[in-house]
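An overview of the molecular structure
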Amino acid sequence: MDRLKLSSIDEELDSSEVAALCFLCRDVVNKKRLEGIGDAKKLFLRLEEKGLLDNHLFLRQLLQTIGRADLLNLLETDSRRPEETDAIPMLSEYRVLLYKVYADMTNENFKKMTFLLSDKLGRRQIETCKTALDVFAEMEKNVDLLSNTNLRELHATLLQLDQQLALTIQPYMDGVTQLPPQNRSAHVSMDYQRVNDPRQPTQSIDESMSVTQPGDGGASVCPDAAPHIESTTPPDDTEYYALTHKPRGLCVVINNEEFLPCMKDRQGSRQDAKSLDTVFTRLGFKVVTYNNLTAGDMRLKLQQLGSRNFLDDDALVVCVLSHGEEECVFGTDGQKVKLRELTKPFTSIGAPTLAGKPKLFFIQACQGSGYQRGSMPCPPRPRQEEKDEQSRLEEDAGPVRGETVPWGADFLLGMATVPECKSFRNTVTGSIYIQQLCTQLTMSAKSPAKDDILTVLTRVNREVSKGEYLNYKQMPEPKYTLTKKLVLDFV
């Protein structure tokens with residue numbers, strides 16, 4: 001970001017506003033790296049280290065939260081490109097909530113709060129606190145006093161100060177207590193796949209392609225499969241999913257475009273919804289579109305859909321267009337919906353009339369805050385070195401193949417991007433991934449080659465990965481447990 005603009009913003013912020021910005025950044029910048037920061041310029045350097053100033057989205061959220069929307073005009077530029085990311089704003093609802101409590105707290109209530117908490121925090125520590133944000137930071141040093149999942153002590157204290165302040169955090173507390181447990185019964189785990197273990201190093205683009213990219217009918221995903229042998233006999237119909245009904249099935253599009261003020265609207269998403277409607281209607285599906293659903297409404301719609309009788313359907317398609325982060329998408333209220341919650345209603349247990357039928361999920365959302373860059377491919381190696389390399393790859397890839405199975409049979413999950421990374425959307429023409437998906441589905445349906453869906457998605461991978469978006473790359477990622485080939489053509 002332009003250093004001159006950052007310097008101009010720094011000049012407009014006083015010390016209390018800088019302290020508030022540092023507090024809001026405690027979830028994305030190491031707390032020790034925030035110590036001793038007295039001006040915004042130093043904070044901006046810390047944010048640059050994390051790649052959070054590569055575009056103005058994160059800084060825009062910070063300034064809006066502290067009530068300095070008047071500085072947003074300094075971020076505008078006529079040279080902006082129309083691409084955006086679908087990354088979820090990095091400011092957590094929890095930290096924004098604490099800032100709101102601080103902003104609404106009177107000086108008298110602050111003094112009462114420090115008195116009430118002095119026995120729990122210690123007199124020496126409480127005397128160093130100049131604002132409520134300082135108190136919150138001290139409380140966070142003990143997770144039993146304050147954390148993003150534990151606001152009980154703070155709530156009890158606020159009740160003694162101001163009923164309205166206590167009511168401010170009550171909805172958040174209610175949401176925390178209603179979050180679904182991370183571990184359910186064994187059959188639910190069949191529909192949940194942790195796509196990336198945070199304890200493991202991030203995969204390079206080449207690694208993720210070698211593990212997840214399908215190739216030629218899916219043969220490459222199983223290195224132990226028998227070699228492909230050309231046959232002059234007609235293809236066996238049992239190798240293909242049957243598409244005999246009219247309509248062939250249901251295509252549900254969840255288009256989240258307008259969000260609460262803490263999250264940026266997704267301009268251009270409506271164009272994605274229209275393109276999906278057009279393409280899947282021509283492919284013989286009945287298309288139903290839901291606009292701007294909260295997280296609760298998303299779960300409800302999918303649960304209702306899962307209870308449907310699918311005897312007269314050959315397939316199901318669900319497209320979700322929204323903000324997101326790793327392993328989840330967001331409702332318009334900023335609440336998370338786990339990817340496993342999207343697929344759970346449609347397993348053979350939850351929807352027995354869908355058993356043995358293809359279930360396609362296409363997710364246009366970021367899966368993290370990281371950016372991808374490109375690398376030049378390595379030149380071919382001598383045959384002996386290639387053999388040695390292949391043997392090492394087979395040994396290392398084995399555990400990964402085992403982890404990609406537990407989504408239930410006959411599922412396909414098409415992600416706009418790999419884990420931990422952002423996806424991009426043109427604010428006029430729609431997202432890069434969905435538009436390319438619609439293009440490739442259309443081309444395949446018109447082609448006499450009758451390519452299956454995995455071949456189509458490989459082309460989507462190739463075409464999306466060729467481009468550069470805000471000077472970065474994007475790599476889609478399909479995951480599947482399809483047991484047959486699926487060929488979609490126009491009716």
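Residues numbered from 1 in each chain as written. Predicted model: local features only at pLDDT ≥ 70, side-chain atom pairs only at ≥ 80, totals over all residues. Heavy atoms only, no water.

By the naming in an unreviewed UniProt entry, the protein goes by Caspase-8 and is assigned to Sebastes schlegelii. Under the UniProt heading Catalytic activity (unreviewed entry), the entry covering the protein gives this text: "Strict requirement for Asp at position P1 and has a preferred cleavage sequence of (Leu/Asp/Val)-Glu-Thr-Asp-|-(Gly/Ser/Ala)." (UniProt positions renumbered as here; feature names shortened; annotations may be inferred.)

1. Thoughts on the sheet that holds strand β5 (residues 324-325)
Taking strand neighbours across the sheet as the criterion, the three strands line up as β5-β6-β7 in an open arrangement whose pairing is antiparallel. Of all strands in the sheet, those bounded by a partner on one side alone are β5 and β7 (336-338). Across two bridges, the pairing between β5 and strand β6 (residues 328-330) is antiparallel. Counted as the bridge partner of glutamate 325 is cysteine 328 from β6. The sheet strands contacting helix α15 (residues 295-306) are β6 and β7, and the helix crosses β7 at an angle near 30°. (Pairing = 2+ DSSP bridges. Helix = DSSP H or I, 4+ residues; strand = E, 2+ residues; numbered from the N terminus. Contact = heavy atoms within 4.5 Å. Axes fitted to C-alpha atoms, helices over the stretch in contact; angles between N-to-C directions.)

2. Focus: the packing of helix α14 (residues 269-282) against helix α18 (residues 432-446)
Following both chains from N to C, one finds α14 and α18 inclined at 15°, their axes separated by 9 Å at the closest point. Considered as vectors, α14 and α18 are oriented roughly parallel to each other. At the point where α14 passes α18, the crossing takes the left-handed sense. On α18, the residues that touch Gln271, Asp272, Ser275, Leu276, Val279, Phe280 and Arg282 of α14 are Ile434, Gln435, Cys438, Leu441, Thr442 and Lys446. Considering only residue class, the contact of α14 with α18 consists of six nonpolar, four polar and three charged. (Parallel < 35°, antiparallel > 145°, perpendicular 65-115°, else oblique. Left-handed = near helix turned anticlockwise from the far one by under 90°. Nonpolar A, V, L, I, M, F, W, Y, C, P; charged D, E, K, R; others polar.)

3. Observations concerning the nonpolar core
Counting residues in hydrophobic clusters, the biggest one holds 57 residues, and the most contacted among them are Leu47 and Phe136. Taken domain by domain, the makeup of this core includes at least three residues from each of domain 1 (3-83) and domain 2 (94-176). If near-sequence neighbours (up to four positions away) are discounted, phenylalanine 136 is found in contact with Phe23, Leu98, Val101, Tyr102, Met113, Leu146 and Leu154. By size, the runner-up hydrophobic cluster in this structure holds 40 residues, among which are Val253, Leu276, Tyr469 and Tyr480. (Core = buried A, V, L, I, M, F, W, Y, C linked by side-chain atoms within 4.5 Å. Buried < 20%, exposed > 50% of the residue type's maximum accessible area, 1.4 Å probe, protein only. Domains from an automatic or database assignment.)

4. Let's talk about the pattern of salt bridges
Considering all chains together, one arrives at 23 salt bridges under this definition. A salt bridge links aspartate 489 to arginine 248, with the shortest nitrogen-to-oxygen separation between them at 2.9 Å. Linking aspartate 489 in the segment after β12 (477-480) with arginine 248 in the loop between α13 (205-212) and β2 (249-255), this pair joins segments that are 241 residues apart in sequence. There is no split in this pair, since aspartate 489 and arginine 248 are both buried. Between lysine 466 and glutamate 463 there is a salt bridge, with the nearest N and O atoms lying 3.4 Å from each other. (Salt bridge = Lys/Arg side-chain N within 4 Å of Asp/Glu carboxyl O.)

5. Here we look at the sheet that holds strand β8 (residues 359-364)
In space, the six strands of this open sheet follow the order β3-β2-β4-β8-β9-β12, with mixed pairing throughout. Here the strands that pair on one side only, and so sit at the sheet edges, are β3 (285-291) and β12. With strand direction ignored, the average angle separating the axes of adjacent strands in the sheet is 10°. As judged from the seven bridges shared by β2 and β3, these two strands associate in the parallel manner. What sits directly across from glycine 249, in β3, is phenylalanine 285. Running over the sheet, α18 touches β4 (315-321), β8 and β9 (411-415) and is turned about 140° from β8.

6. Overview of α14
Counted at 1.5 Å a residue, the expected span for α14 with its 14 residues is 20 Å, and the 20 Å between its end C-alpha atoms agrees. If you check which residues of α14 are buried, you get Ser269, Asp272, Ala273, Ser275, Leu276, Val279 and Phe280. Taken down its axis, α14 places every buried residue within 165° of arc, on the same side. (Expected span 1.5 Å × (residues − 1). Arc of directions from axis to C-beta.)

7. Concerning unusual backbone geometry
The amide bond that connects lysine 246 to the next residue, proline 247, takes the cis arrangement and shows omega of -5°. Inspection of the secondary structure puts proline 247 in the loop between α13 and β2. Of note in the backbone geometry, glutamate 327 takes a positive phi value of approximately 70° without being a glycine. Structurally, the position occupied by glutamate 327 is in the loop between β5 and β6. Residue class for glutamate 327 comes out buried when judged on its relative accessible area of 7%. Unlike most non-glycine residues, lysine 450 shows phi in positive territory, near 55°. Turning to its location among the elements, lysine 450 is positioned in the loop between α18 and α19 (453-466). By relative accessible area, lysine 450 is classed as partly exposed at 43%.

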